[in-house]
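Single-letter residue listing:
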Amino acid sequence: MRDPLCSGEGAAPVIVRVAGLPHDTLDAFATPLPRAAAALDASARALAEARAALADALHDAVPSAGPALRRVLLAVRRDAHNGRALRRHLASPFWPALRALAGG
């Protein structure tokens, strides 16, 4: 039976900088994944902020809305607050009013 710790199975690769070699030697091992992960994280934060701003704007608009628009506003606000996609509301006849309330 092989020892998995000695065989390297399941282990992450390890890179060691040997003294005396230029730093540029490691450029061959570089990966764009950290930058892509940071961009994805920034996009997720921006989306969360936009959803919160939309939920706040709709919350302020609910009291003055008529009954039909109020139902749609509350449904969209709940979806925005809970992080659900708003795509299902695109077919609503109130979508232009929602866009205007959201500033778009």
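This structure is a prediction, so every number in the text was calculated from the model and none was measured.

1. Observations regarding the overall build of the protein chain
- Within the protein chain, the secondary structure is distributed over four helices and zero strands.
- The order of helices and strands in the protein chain, counted from the N terminus, is α-α-α-α.
- Carbon and sulfur atoms make up 62% of the accessible area of the protein chain, which totals about 8100 Å².

2. So, the nonpolar core
- The biggest cluster of nonpolar side chains holds 13 residues, and the ones touching the most others in it are L54, L58, L73, V76, L86 and L98.
- Of all the secondary-structure elements, those providing two or more residues to this core are α2 (33–61), α3 (67–81) and α4 (95–102).
- The contacts of L73, once residues within four sequence positions are left out, are L58, A61, V62, A65, L98 and L101.

3. Notes on the packing of α2 against α4
- Closest axis-to-axis distance for the α2/α4 pair is 9 Å, and the angle between their directions is 110°. Here α4 runs roughly perpendicular to α2, going by the angle between their axes. Facing L54, A57, L58 and A61 of α2, the residues of α4 in contact are L98, L101 and A102.
- Partitioning the contact of α2 with α4 into residue classes produces seven nonpolar, no polar and no charged.

4. What about the pattern of salt bridges?
- Per the stated rule, a full pass over the model turns up three salt bridges.
- Residues D79 and R88 are paired through a salt bridge, measuring 3.0 Å at the closest nitrogen-oxygen approach.
- With relative accessibility at 2%, the residue D79 sits in the buried group.
- Put simply, D79, R84 and R88 are held in one network by salt bridges that share partners.

What counts, and at which threshold
- Residues numbered from 1 in each chain as written.
- Predicted model: local features only at pLDDT ≥ 70, side-chain atom pairs only at ≥ 80, totals over all residues.
- Heavy atoms only, no water.
- Helix = DSSP H or I, 4+ residues; strand = E, 2+ residues; numbered from the N terminus.
- Areas by Shrake-Rupley, 256 points an atom, 1.4 Å probe, with all protein chains shown as cover.
- Core = buried A, V, L, I, M, F, W, Y, C linked by side-chain atoms within 4.5 Å.
- Buried < 20%, exposed > 50% of the residue type's maximum accessible area, 1.4 Å probe, protein only.
- Contact = heavy atoms within 4.5 Å.
- Axes fitted to C-alpha atoms, helices over the stretch in contact; angles between N-to-C directions.
- Parallel < 35°, antiparallel > 145°, perpendicular 65-115°, else oblique.
- Nonpolar A, V, L, I, M, F, W, Y, C, P; charged D, E, K, R; others polar.
- Salt bridge = Lys/Arg side-chain N within 4 Å of Asp/Glu carboxyl O.

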